[in-house]
Amino acid sequence: MQRRALLALGLASPTAPASPQAVAPARPEVVASFTILGDFVRQIAGPRVSLRTLLALEADPHEFAPRPSDAVAVRDAVLVVRNGLGLEPWLDRLLRAAPPRGRVVTASDGIGPLLVNAVPDPHAWLDPMNAQLYARRIGNALAAALPAQAAALQAATEAYLARLARLQQRCADRFAAVPADRRVFVVGHPGFGYFAARFGLEMLAPPRQAGAGAVAALVRQVRARRLRALYFTGPEDAALMRRVAAEVGLPVLGRLFAETLSASDGLAPSYEALIRHDTTLLVTGMSA
Ligand SMILES: [Zn+2]
């Protein structure tokens, strides 16, 4: 606890010397770019680190304007965790402008990216198999950044990897129970390519830059594939999907989470909860 806080609580004498030794050493700070990467760090390191996530809940990782305090945090952190695959150009600029004192780990390193119009799709974490590669890489980076706690961090990584493997298997079993010709869904934000590929699903999405034609394009896809339910992925496509739903007379079942966790009392407070939630919603819609 900071001396200031101790004073406020009446626990520290105001005359005590304010030497640095009098203050408990702060936990090492780890910076993650967005909330899902932050959750990987939290699941592995727990209270061993102080976690700072640059993007708030619901912030769009594709577009972000870092504050000066973010630049300081990135510079001083023992570890900076980024996704890579072109998701965070703003973080690349920050790292160039304020070279970090600690380590930087790119969680998607080693993952063969899906290409969309010849550009890597950054949403690799939505495949739970890739999430295991992310967790392995982040766990190794945490152990390297905090060598005194390496053994505990490696053990925590292994435990988390086992959970993610079980999660992947449970989701695979649930999609396998859906008739093959119904394993298709449509979303307004085309972030589910890796998820769809892992579980043998077909993702339909409006063509990029469809603009005013997006509703018509989606309506055609929904009718042609005889879909029975719709979803939205966030504030940016909720209105679009409601218009499509009204046009075709289908329900919007709910929100598929792709690139942000929910608040702790919401539907997707962790990566595992997010994948479970998305799987349940999609299986429900495909089975309708
Ligand atoms: Zn995205």
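Residues numbered from 1 in each chain as written. Predicted model: local features only at pLDDT ≥ 70, side-chain atom pairs only at ≥ 80, totals over all residues. Heavy atoms only, no water.

> Mind showing me how you'd approach the sheet that holds strand β4 (residues 103–106) here?
Across a sheet, paired strands are connected by hydrogen bonds in the backbone, their directions being either parallel or antiparallel. Read across the open sheet, the 4 strands follow the order β2-β1-β3-β4; overall the sheet is parallel. Of all the strands in the sheet, the pair left with one neighbour each is β2 (50–53) and β4. On average, each strand axis in the sheet is tilted by 20° relative to the strand beside it, whichever way the strands run. With 4 bridges joining them, strand β3 (residues 79–82) and β4 adopt parallel strand pairing. If you follow leucine 79 over to β4, its bridge partner there is arginine 103. Those strands touched by helix α2 (residues 35–45) are β1 (29–32), β2 and β3, and its axis lies near 170° from that of β2. (Pairing = 2+ DSSP bridges. Helix = DSSP H or I, 4+ residues; strand = E, 2+ residues; numbered from the N terminus. Axes fitted to C-alpha atoms, helices over the stretch in contact; angles between N-to-C directions. Contact = heavy atoms within 4.5 Å.)

> Would you mind showing me how to read the nonpolar core here?
Nonpolar side chains in soluble globular proteins tend to end up buried together. With 71 residues, the main nonpolar core has Phe40, Val81, Trp125, Leu142, Phe185, Phe195 and Tyr271 as its most contacted residues. Counting residues domain by domain, this core receives three or more from each of domain 1 (3–12 + 19–170) and domain 2 (179–287). Those residues in contact with phenylalanine 195 that lie beyond four places of it in its chain are Leu126, Asp127, Phe175, Leu201, Ile275, Thr279 and Leu282. Counting residues in hydrophobic clusters, the runner-up holds 17 residues, among them Val219, Val222, Met241 and Ala245. (Core = buried A, V, L, I, M, F, W, Y, C linked by side-chain atoms within 4.5 Å. Buried < 20%, exposed > 50% of the residue type's maximum accessible area, 1.4 Å probe, protein only. Domains from an automatic or database assignment.)

> Can you help me understand the domain arrangement of the protein in this one?
Under the domain assignment used here, the protein contains domain 1 (3–12 + 19–170) and domain 2 (179–287). The centre of domain 1, based on its C-alpha atoms, is set 28 Å off from the matching centre of domain 2. Facing the 35 residues of domain 1 at the interface are 26 residues of domain 2. Together, the buried faces of domain 1 and domain 2 total about 2,400 Å²; carbon and sulfur atoms form 58% of this surface. Between the two partners, domain 1 and domain 2, sit 3 salt bridges. (Buried area = accessible area lost by both parts, 1.4 Å probe. Salt bridge = Lys/Arg side-chain N within 4 Å of Asp/Glu carboxyl O.)

> Sorry if this is basic, but what is going on with helix α4 (residues 89–97) here?
When we look at burial in α4, the residues that qualify are Trp90, Leu91, Leu94 and Leu95. Relative to the axis of α4, the buried residues are bounded by an arc of 135° and lie together on one face. Among the exposed residues of α4, those oriented more than 90 degrees off its buried face are Arg96 and Ala97. Against the buried residues of α4 lie α3 (68–76), β3 and β4. (Arc of directions from axis to C-beta.)

> Explanation requested: empty space enclosed by the protein in the structure shown.
One simple way to see leftover space: roll a probe sized like a water molecule over the atoms. For the structure shown, the criterion picks out 1 cavity of 30 Å³ or more. For the largest cavity, the calculated volume is near 60 Å³. As for the largest cavity, its lining consists of Arg182, Val184, Phe185, Leu227, Arg228, Ala229, Tyr231, Gly285 and Met286. Taken together, the elements giving at least two residues each to the lining of the largest cavity come down to β7 (184–186) and α10 (271–287). For the lining of the largest cavity, the residue count by class is 6 nonpolar, 1 polar and 2 charged. (1 Å grid on protein atoms, 1.4 Å probe; cavity = no way out; pocket = protein on both sides within 12 Å on 5 of 7 lines; lining within 4 Å. Points joined across faces, edges and corners; volume = space filled by probe spheres on them. Nonpolar A, V, L, I, M, F, W, Y, C, P; charged D, E, K, R; others polar.)

> Any chance you could explain the packing of aromatic side chains here in plain terms?
Between two aromatic rings, the relevant description is the distance of the centres plus the angle of the planes. Taken as a whole and assessed by the stated rule, the structure comprises 10 aromatic pairs. Measuring from centroid to centroid gives 6.2 Å for phenylalanine 192 and phenylalanine 195, while their planes differ by 90°, and the two rings are edge-to-face. Through a chain of ring-to-ring contacts, the aromatic side chains of Phe175, Phe185, Phe192, Phe195 and Phe199 assemble into a single cluster. Here arginine 242 stacks its cationic end above the ring of phenylalanine 232, 5.3 Å away from the centre of that ring. (Phe/Tyr/Trp six-rings, centres within 6.5 Å; stacked < 30°, edge-to-face > 60°. Lys NZ or Arg CZ within 6 Å of the ring centre and 35° of its normal.)

> What is the right way to look at the pattern of salt bridges in this model?
Side chains that carry opposite charge are capable of pairing whenever their charged atoms lie near each other. Throughout the structure, instances matching the rule amount to 11 salt bridges. For arginine 52, the salt bridge is made with aspartate 70, and the minimal N-O distance between the two is 3.0 Å. One end of the pair, arginine 52, is in strand β2; the other, aspartate 70, is in helix α3, with 18 residues separating them in the sequence. Residue arginine 52 is classed as partly exposed on the basis of its relative accessible area of 25%.

> For this particular structure, what's the right way to read the coordination of the zinc ion?
Note on metal sites: the ideal angle is 109.5 degrees for four tetrahedral donors, and 90 or 180 degrees for six octahedral donors. The coordination sphere of the zinc ion, as far as protein atoms go, consists of His62 (NE2), His123 (NE2), His189 (NE2) and Glu259 (OE), spread over 2.0 to 2.3 Å. Around the zinc ion, the 4 donor atoms sit at angles spanning 97 to 130°, and that spread fits a shape best called tetrahedral. Donor residues for the zinc ion sit on one chain with the sequence pattern H-x60-H-x65-H-x69-E. Taken together, the positions of histidine 62 in the loop between β2 and α3 and glutamate 259 in the loop between β10 (252–255) and α10 put the pair 197 residues apart, joining distant regions of the chain. For histidine 62, a relative accessible area of 27% gives the class partly exposed. (Donors = N, O, S within 2.8 Å, 3.2 Å for Na, K, Ca; no water. Tetrahedral: all angles 85-135°; square planar, octahedral: opposite > 155°, others 65-115°.)

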